[in-house]
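Coordinates in review
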Amino acid sequence: MNSTDQKKNRTEVNEIFKDKVVPEEFQVPFKKSYNTYLLDGELRTWTRKTAPVYSPLYTADKDGKLGPTDLGTLPVMGEKEAMEALDAANAAFANGTGKWATMRVKQRISCVEKFASLMSKKRDEVVNFIMWEIGKTLPDSRKEFDRTLDYIYDTIEELKELDRNSARVQLHSEVYAQIRRGPLGVVLCLGPYNYPLNETFCLLIPALIMGNTTVFKPAKYGAILITPLLEAFAEAFPKGVVNVLFGRGREVATPIMKTGRVEVLALIGNSKSANALQSHHPKKNRLRLVLGLEAKNPAIVLPDCDMDLAVEECVLGSLSYNGQRCTALKMLFVHEDIIEEFNTRYVSKIENLKFGFPWEEGVKLTPLPEPGKPKYIHDLVDDAVSKGAKVINPRGGQTNGSFVFPAVLYPVNESMDLYHEEQFGPVVPIIPFKDIQKPIDSIVNSNYGQQVSLFSKDPDTLAPLIDSLVNQVCRVNINSQCQRGPDVYPFVGRKDSAVSTLSVRAALRSFSIRTLVACKKNELNVEILNEILDENKSNFVSTNYIL
């Protein structure tokens, strides 16, 4: 496809939104003011400046004109509210002496269990908002909600196991000690728009259950879906433990960081935002970072691969949720000997993907939530085409409003922006290679180091690649797409892709620190320890066993 055809694609009106009828069960109370926020244990009503929230799903207005659906308004908060929330979180933590920080693990678990129970009752409402706010398909929206609940319960079970392993007093070199994990302090939690529930709660829940207090700002896209859960937060947790603000990160998060009264920055987003925020903290050596950042995960498709499997996994890996995942396959290196067959099969599968509204049966491609993303995608395509690539799928780049049909570009090379930038959207670069050193060099020289996918049937081919690549990325996937799960496995990255490790077990450690109480073995100390333990006088020094 030449550049003239590509530009024509952008101006064609495919009317994919026209005459779409929203089923009654998926309708939302449009143009509602979502003016409730959570501060210091109270559900408060916002009466000042608000901002409209538009859905990427186009519907007709009263005049029949199609456009982004007006979902309502959200508060636009600033420094004043940020300071109030920070004060509440600090007061609740009280330098480690607060009720939540000193509470028995079993009691904190009960609070989180209560929240999960209350949250489960909001499933349909939250799922509906996920579809409307970020355009995620109905099956994937339901999966995100259910997976989040599973994550909460898995975290509870993991903490029980961690606590059971700590429920003993050790004796070494005539010194008694009990070692447990304690909270760090106040956590500033900022989640991403592509998984506004699941990935946000993969930060928030372990931070809370370990005894920290939090200030939480939902993602720019996917904020309304948090509002049905505000009451559950207020009911399940003590005053000041969870504080939820709405607004721009620059206006809310920046002044919080400048105070230095935050012990942990927990963010899933991009490295520029993370660098900017941590630069404002006056005592960076005291700031713990839990960051999930961008990635440019490649697939390497070797000539001895199972072609059917490789194509299937590469389509899923590159275009699930329109490629808007940090774990998406964002570069496809394909060996020259098989590239013609691979491209033909890959394009055929993509051209058969169904697009439409998220609740439609079999839909795989949906509108993009970021208003500027269609133009960004087209700019990447234009740059690549101007430097020798071609759009090899007939509908590649076809646009209607917030919808962009995936563009497959071949051959892509190092001179193109698409080779280096994380596109985070429906554009797929295919890079031919003859010498395996080419994709390896690309991975070595990349700013990112999250994952890679290798496609081959030969153990002798795979083994040396595995041995090299495990020192460049943090997960090597054999004959499968890159992915996060299962949540019990570590989720981490090298270079600019992550700081700290997230998984059910690792997250509990990321949001806590090992602390111990110790004493020399003598008659007085033995008597003291026995009395504390026998009479259950301490929440920390305890041999109580959680079943």
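Residues numbered from 1 in each chain as written. Predicted model: local features only at pLDDT ≥ 70, side-chain atom pairs only at ≥ 80, totals over all residues. Heavy atoms only, no water.

Let us now look at the overall build of the protein. Assigned secondary structure in the protein consists of 18 helices and 25 strands. Rg of the C-alpha trace for the protein: 25 Å, near the compact-globule value of 24 Å for 547 residues, within the 12% margin. Here the C-alpha coordinates of the protein stretch approximately 85 × 65 × 40 Å along the principal axes. Across the 547 residues of the protein, 56% fall into the buried class. A sequence separation of at least 24 residues applies to 74% of the contacts in the protein between residues at least 6 apart. Here the protein displays about 23400 Å² of accessible surface, and carbon together with sulfur accounts for 48% of that area. Here the protein contributes 67 positive and 67 negative side-chain charges, whose respective centroids are spaced 5 Å apart. (Helix = DSSP H or I, 4+ residues; strand = E, 2+ residues; numbered from the N terminus. Rg over C-alpha atoms; globule rule 2.2 N^0.38 Å. Buried < 20%, exposed > 50% of the residue type's maximum accessible area, 1.4 Å probe, protein only. Contact = heavy atoms within 4.5 Å. Areas by Shrake-Rupley, 256 points an atom, 1.4 Å probe, with all protein chains shown as cover. Lys, Arg positive; Asp, Glu negative; His and termini not counted. Charge placed at Lys NZ, Arg CZ, Asp CG, Glu CD.)

Here we come to the packing of helix 11 (residues 307-319) against helix 12 (residues 339-351). For the pair helix 11 and helix 12, interaxial distance at closest approach is 10 Å and the crossing angle is 50°. Of the possible angle classes, the one that applies to helix 11 and helix 12 is oblique. Two packed elements cross with a definite hand, and for helix 11 against helix 12 that hand is right-handed. Contacts between helix 11 and helix 12 involve Met307, Asp308, Ala310, Val311, Glu312, Cys314, Val315, Ser318 and Leu319 on the former and, on the latter, Glu341, Phe342, Arg345, Tyr346, Lys349 and Ile350. (Axes fitted to C-alpha atoms, helices over the stretch in contact; angles between N-to-C directions. Parallel < 35°, antiparallel > 145°, perpendicular 65-115°, else oblique. Left-handed = near helix turned anticlockwise from the far one by under 90°.)

On to the pairing of strand 18 (residues 407-410), then. Summarising the sheet, strand 15 (residues 390-391) and strand 18 pair through two bridges and their orientation is antiparallel. When the bridges of strand 18 are listed, Lys390 appears paired with Tyr410. (Pairing = 2+ DSSP bridges.)

With that settled, the discussion passes to the sheet that holds strand 7 (residues 175-183). Taken together, the three strands give an open sheet; going across it, the order is 6-7-25, and neighbouring strands pair in antiparallel fashion. Looking at which strands have only one partner, the edges of the open sheet turn out to be strand 6 (170-172) and strand 25 (512-520). Taken pair by pair, the neighbouring strands of this sheet meet at an average axis angle of 35°, ignoring direction. As paired strands, strand 7 and strand 25 are joined by nine bridges and run antiparallel to one another. By the bridge assignment for strand 25, Tyr176 is matched with Cys519.

In this section: unusual backbone geometry. That bond from Tyr410 to Pro411 is cis: its omega, -10°, falls within 30 degrees of zero. Counting through the fold element by element, Pro411 comes out in the loop between strand 18 and helix 14 (417-420). Following Gly485, the chain continues to Pro486 via a peptide bond in cis, the omega torsion being -10°. Residue placement: Pro486 occurs in the loop between strand 22 (475-478) and strand 23 (494-495). Backbone geometry places Ser500, a non-glycine residue, at a positive phi of 75°. Considering the arrangement of structural elements, one finds Ser500 in the loop between strand 24 (498-499) and helix 17 (504-510).

With that out of the way, let us pick up helix 10 (residues 271-279). Residues of helix 10 that are buried: Ser271, Ala274, Leu277 and Gln278. The arc enclosing the buried residues of helix 10, seen along the axis, measures out at 130°, which places them on a common side. For helix 10, the elements touching its buried residues are strand 8 (186-190), helix 9 (249-259), strand 11 (264-268) and strand 12 (288-292). The residue sitting at the N-terminus of helix 10 and contributing the capping side-chain oxygen is Asn270; that oxygen lies 3.1 Å from the backbone nitrogen of Lys272. (Arc of directions from axis to C-beta. Polar contact = N/O pair within 3.5 Å; in protein donor to acceptor, adjacent residues only side chain to side chain.)

If the charged atoms of two oppositely charged side chains come close together, the side chains can form a pair. According to the stated counting rule, one finds 26 salt bridges in the structure shown. The partner of Lys349 in a salt bridge is Glu312, with the nearest N and O atoms 3.2 Å apart. Here the residue Lys349 occupies a position in helix 12, and Glu312 occupies one in helix 11, the gap between them amounting to 37 residues. Between Arg484 and Asp487 there is a salt bridge whose closest N-O contact spans 3.7 Å. Residue class for Asp487 comes out buried when judged on its relative accessible area of 11%. (Salt bridge = Lys/Arg side-chain N within 4 Å of Asp/Glu carboxyl O.)

The next point concerns the packing of aromatic side chains. Enumeration according to the criterion identifies 18 aromatic pairs in this entry. For the ring pair Phe201 and Phe233, a centre distance of 6.0 Å and an interplane angle of 55° mean the geometry is tilted. Taken as a pair, Phe201 in helix 7 (residues 198-209) and Phe233 in helix 8 (residues 230-236) lie far apart in primary sequence, 32 residues in all. Accessibility assignment for this pair places Phe201 and Phe233 in one class, buried. Taken together, the ring pairs in this structure connect Trp100, Phe115, Phe201, Phe233 and Phe237 into an aromatic cluster. Taking the ring centre of Tyr321 as reference, the NZ or CZ of Lys136 above it sits at 4.8 Å. (Phe/Tyr/Trp six-rings, centres within 6.5 Å; stacked < 30°, edge-to-face > 60°. Lys NZ or Arg CZ within 6 Å of the ring centre and 35° of its normal.)

With that settled, consider the side chain of Thr366. Tracing the sequence through the fold places Thr366 in the loop between helix 12 and helix 13 (373-386). In terms of polar contacts, Thr366 uses its side chain to reach the backbone carbonyl oxygen of Gly135, at 2.5 Å. A distance of 3.1 Å separates polar atoms of two side chains, one belonging to Thr366 and the other to Asn322.

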